[in-house]
Protein chains: 2
Amino acid sequence: MSDGAERLRTLRTRLLSLAAMHSDRRVNEQLARADARKWHYAVLATLDEFGPASQAQLSDRTRVYRSDLVAVLNELADRGQVDRAPDPADKRRNLVRITTAGRRQLRRLDKILAAVDDEVFAPLDPAQRAQLTDLLTILVDRQGEPHGERHGEPRNDRGGSS
Amino acid sequence: MSDGAERLRTLRTRLLSLAAMHSDRRVNEQLARADARKWHYAVLATLDEFGPASQAQLSDRTRVYRSDLVAVLNELADRGQVDRAPDPADKRRNLVRITTAGRRQLRRLDKILAAVDDEVFAPLDPAQRAQLTDLLTILVDRQGEPHGERHGEPRNDRGGSS
DNA sequence: CTAGAACGTTAGTCCGACTAACGCAACTGG
DNA sequence: CCAGTTGCGTTAGTCGGACTAACGTTCTAG
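None of the values given here were measured: they were computed from a predicted structure.

Chemist: Can you help me understand the relation of the copies chain A and chain B in this one?
Modeler: Taken together, a rotation about one axis and a shift along it account for how the two chain copies relate. With an RMSD of 0.1 Å, the fit of chain A onto chain B corresponds to turning through 180° and sliding 0.0 Å along the axis. Between the two chains, the operation in question is that of a two-fold axis. In this assembly, 100% of the residues forming the interface of chain A have copies in chain B that are likewise at the interface, indicating an isologous arrangement.

In structure tokens:
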């Protein structure tokens, strides 16, 4: 009844959510076959790209919470894909570095993710895929600083300083 | 190192996931202000659109698991937004109907969701929003029947009863 | 030297996606 | 008519991800 039929099917936030849910599920399933999860990939890719880093830096770059990062790094370290050593320059920090095995794993995961991307976005032609990437990039990039609204949300457990 | 820098930042499945995470968070936060969650909205909207239905039908239409639907319906019923009565035609079923209060709530949620949509997709102009909707719709629509493969997967929730 | 912030870590909460099993009603066919 | 099977609602519980709180240690500023 009412005017607004089709509400659910066309609700943009819902479409986004459903599409992502499907994508995530496929990603997780496939990564699991290589004994990995999204976070493992995020960490390995970040280390490979930016070089050795502290856990705090990794957390910022991957958006994995520092508390959750601990377990991820434990797992990666157990598998010899990263090594973690105290930073001589600052004993609070661990310096995390990717290993050769880590790079090998990273390449494997890259392939898996490329395949998943192909599968998940198969319904779109290349132009549409590029479009989608652009649109999502815009959204993700602006997502911290929304349209002029300011409510000082206490980010995590860090005060902004210096 | 390596060729593929920027992997993370441009990984499409990740962009989708991040965008959806942000969107979902905003949706949930705002719906919470009206004492509701996504599922409540999905159920109310579906009932309003298709009329009274059994829980199994609702589950299919909203993609909420039948097991989770129970709690949602309890909550909606507690608030007088739906009523649930045994279907005389088939005593296994409950016939769920939206009430007047339910319609009122639905209108409220519609407004909230429209506002969230505006906020979340603010970085996009109207044409881009429409584009995004189209692309996501394609993805979501094809998501059950991928690239020509059909195998009747054992949907089910039944194990072998003994 | 002392206050506070940054760091890694542990523990724990909350919620959503998903599975298993069960009791009951209903349809199915022998 | 009465088994077997399937559909239905419900309960319970797993698993993983997002997120918070707190703690001991180490660094940094005043």
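There's more to say after this.
Chemist: When you look at helix α7 (residues 126–141) of chain A in this model, what are you seeing that I'm missing?
Modeler: Working note: α-helix, 3.6 residues per turn, so residues spaced by three or four point in the same direction. All names here are of chain A. Over its 16 residues, α7 runs 22 Å from end to end, which matches the ideal 22 Å to within 8%, given 1.5 Å per residue. Along α7, the positions that sit buried rather than exposed are Leu132, Leu135, Leu136 and Leu139. Taken down its axis, α7 places every buried residue within 95° of arc, on the same side. In α7, the exposed positions that point more than 90 degrees away from the buried face belong to Pro126, Ala127, Ala130 and Asp141.

Chemist: I would appreciate a short explanation of the protein's contact with DNA strand D in the present structure.
Modeler: In the vicinity of DNA strand D, 22 residues are found, and the nearest of them are Ser67(A), Lys91(A), Gln55(B), Ala56(B) and Ser67(B). Only α5 (66–78) and β2 (90–98) of chain A together with α2 (12–32), α4 (55–62) and α5 (66–78) of chain B provide two or more residues apiece to the surface near DNA strand D. Take the surface near DNA strand D: its biggest share by element is 4 residues, from α5(B). Partitioning the surface near DNA strand D into residue classes produces 5 nonpolar, 6 polar and 11 charged.

Chemist: How should the interface of chain A and chain B be read in this particular structure?
Modeler: By a widely used convention, the size of an interface equals the accessible area lost when the partners come together. In this complex, chain A contributes 48 residues to the contact, which on the side of chain B involves 49 residues. Looking at the side of chain A that touches chain B, the elements that each hand over two or more residues are α1 (7–10), α2 (12–32), α3 (38–50), α6 (100–120) and α7 of chain A. If you tally residues by element for the side of chain A that touches chain B, the top one is α2(A), at 12 residues. Here the residues of the side of chain A that touches chain B sort into 26 nonpolar, 13 polar and 9 charged.

Chemist: Would you mind going over the environment of Gly51(B) with me for this structure?
Modeler: Secondary-structure assignment places Gly51(B) in the loop between α3 (38–50) and α4. Measuring from C-alpha to C-alpha, the distance between Gly51(B) and Val96(B) comes to 8.8 Å, with 45 residues separating the pair along the chain.

Chemist: Would you explain the nonpolar core in this entry?
Modeler: The biggest cluster of nonpolar side chains holds 71 residues, and the ones touching the most others in it are Tyr41(A), Val43(A), Leu44(A), Tyr41(B), Val43(B) and Leu44(B). Filtering out sequence-adjacent residues up to four positions away, Leu44(A) remains in contact with Gln81(A), Ile98(A), Gly102(A), Gln105(A), Leu106(A) and Leu109(A).

Chemist: Quick question: what am I supposed to make of the environment of Gln105(B) here?
Modeler: All names here are of chain B. Its location among the elements puts Gln105 in helix α6 (residues 100–120). Judged by the 23 C-beta atoms lying within 10 Å of it, Gln105 is buried. C-alpha separation for the pair Gln105 and Arg9, spaced 96 residues apart in sequence, amounts to 39 Å. When near neighbours in sequence (up to four residues on either side) are disregarded, Gln105 contacts Leu44 and Gln81.

Chemist: Explanation requested: the packing of α2(A) against α6(A) in the structure shown.
Modeler: A pair of packed helices is characterised by two quantities: the angle between their axes and the separation of those axes. All names here are of chain A. Contact pair α2 / α6: the axes reach a minimum separation of 10 Å and the direction vectors enclose 145°. α6 is crossed by α2, and the crossing has right-handed handedness. Along its contact with α2, which presents His22, Ser23, Arg26, Val27, Gln30 and Leu31, the element α6 presents Leu109, Ile112, Leu113, Val116, Glu119 and Val120. Its residues placed into classes, the contact of α2 with α6 shows 7 nonpolar, 3 polar and 2 charged.

Analysis parameters
Residues numbered from 1 in each chain as written. Chains lettered and ligands numbered in written order. Predicted model: local features only at pLDDT ≥ 70, side-chain atom pairs only at ≥ 80, totals over all residues. Least-squares fit on C-alpha atoms with pLDDT ≥ 70 in both. Contact = placed C-beta atoms within 7 Å. Helix = DSSP H or I, 4+ residues; strand = E, 2+ residues; numbered from the N terminus. Expected span 1.5 Å × (residues − 1). Buried ≥ 20, exposed ≤ 12 C-beta atoms within 10 Å, placed from the backbone. Arc of directions from axis to C-beta. Near = placed C-beta within 6 Å. Nonpolar A, V, L, I, M, F, W, Y, C, P; charged D, E, K, R; others polar. Core = buried A, V, L, I, M, F, W, Y, C linked by C-beta atoms within 7 Å. Axes fitted to C-alpha atoms, helices over the stretch in contact; angles between N-to-C directions. Left-handed = near helix turned anticlockwise from the far one by under 90°.

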